[in-house]
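The chain contents come next:
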Amino acid sequence: MAKVFTLAEVSEHNTSKDCWLVIGGKVYDVTKFLEDHPGGDEVIISSTGKDATDDFEDVGHSSSAKTMMEDFLVGEIDASTIPSKKTYTPPKQPHYNQDKTSEFIVKLLQFLVPLVILGLAVGLRFYIKSEA
C-alpha cells in the first residue's frame, strides 16, 4: 500500500533541492526532474503546496510525460487535507428602476422629441427663406 501524505507534509517540499507535487491524488518527488523539465524548474516549483492537477492538465502533457511520472511516485495525498475549490458567485445586485420614470412617459418622449426637432428645423428653414 502506498504511503499517504497530508498536504501540509507535501507543502514542506517546495524548493529546487526538495520538490514534491500533488497531481491526480498522488504525490510525486520531482526533484531529480527539475533540471530536465522543458518548461524550466520555476514552473514546477510554483505548483508546490497545492493540488497541481489543473496546472498539469492545462499544459497538455504527452502520454510519455504521464508515463514518466510513475518513476517519481512516492505516495498518495490525503484528500481531506486539500481545501475544496470554491466557485465564484458574483454578488447579487438589487433590481430597481434607475430613472424611476414610467415607461409611458419615456415612449411618449421618444415619439415627441424627434417631431419637435423636425418642426423646429422646418420652421427655421421657412424663417430664413422669408428673411432673404
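Residues numbered from 1 in each chain as written. Predicted model: local features only at pLDDT ≥ 70, side-chain atom pairs only at ≥ 80, totals over all residues. Heavy atoms only, no water.

Colleague: Please give an account of the UniProt feature "transmembrane region" (unreviewed entry) in the protein that cites residues and values.
Modeller: According to UniProt, the positions carrying the feature "transmembrane region" (unreviewed entry) are residues 108-128. With 100% helix and 0% strand, residues 108-128 has end C-alpha atoms that lie 30 Å from one another. (UniProt positions renumbered as here; feature names shortened; annotations may be inferred. Helix = DSSP H or I, 4+ residues; strand = E, 2+ residues; numbered from the N terminus.)

Colleague: I'd like to hear about the UniProt feature "domain: Cytochrome b5 heme-binding" (unreviewed entry) in the protein, residue by residue, with values.
Modeller: Residues annotated by UniProt as "domain: Cytochrome b5 heme-binding" (unreviewed entry) correspond here to residues 2-78. Counting secondary structure, residues 2-78 comes out at 30% helix and 25% strand; the distance between its end C-alpha atoms is 11 Å.

Colleague: Talk me through the side chain of Thr 53; I want residue IDs and the actual numbers.
Modeller: Locating Thr 53 in the fold gives a position in helix α3 (residues 53-59). Residue Thr 53 is classed as buried on the basis of its relative accessible area of 18%. Polar side-chain contacts of Thr 53 include one of 2.7 Å to the backbone nitrogen of Gly 24. Excluding residues within four positions of it along the chain, Thr 53 makes contact with Val 22, Ile 23 and Gly 24. (Buried < 20%, exposed > 50% of the residue type's maximum accessible area, 1.4 Å probe, protein only. Polar contact = N/O pair within 3.5 Å; in protein donor to acceptor, adjacent residues only side chain to side chain. Contact = heavy atoms within 4.5 Å.)

Colleague: How would you summarise the nonpolar core if you had to cite specific residues and measurements?
Modeller: Judged by nonpolar contacts, the single largest core of 13 residues is most densely connected at Cys 19, Leu 21, Ile 23, Tyr 28, Val 30 and Ile 44. Contributing elements (two or more residues each) for this core: β3 (18-23) and α2 (41-45). When residues in this core are grouped by element, the largest group, 3 residues, is from β3. The residues contacting Ile 44, other than those within four sequence positions of it, are Cys 19, Leu 21, Val 30, Phe 33, Leu 34 and His 37. Listed in part, the 7 residues of the second largest apolar core include Val 10, Val 22, Val 27 and Ile 77. (Core = buried A, V, L, I, M, F, W, Y, C linked by side-chain atoms within 4.5 Å.)

Colleague: Describe in detail the layout of surface pockets, supporting the description with residues and values.
Modeller: In this structure, the largest pocket spans a volume of roughly 420 Å³. What lines the largest pocket is a set of 22 residues, and nearest its centre among them are Phe 33, His 37, Ile 44, Phe 56 and His 61. Elements represented by at least two residues in the lining of the largest pocket include exactly β3, α2, α3 and α4 (63-68). For the lining of the largest pocket, the class distribution of residues is 15 nonpolar, 6 polar and 1 charged. (1 Å grid on protein atoms, 1.4 Å probe; cavity = no way out; pocket = protein on both sides within 12 Å on 5 of 7 lines; lining within 4 Å. Points joined across faces, edges and corners; volume = space filled by probe spheres on them. Nonpolar A, V, L, I, M, F, W, Y, C, P; charged D, E, K, R; others polar.)

Colleague: A description of the sheet that holds strand β4 (residues 26-29) should follow, citing residues and the corresponding values.
Modeller: One open sheet accounts for 5 strands, arranged β1-β5-β4-β3-β2; its pairing is mixed. The open sheet has two edge strands, β1 (4-5) and β2 (14-15), and neither has a second partner. For β4 and strand β5 (residues 73-77), the ladder comprises 3 bridges, and the chain directions are antiparallel. Bridge pairing in β5 links Val 27 to Gly 75. (Pairing = 2+ DSSP bridges.)

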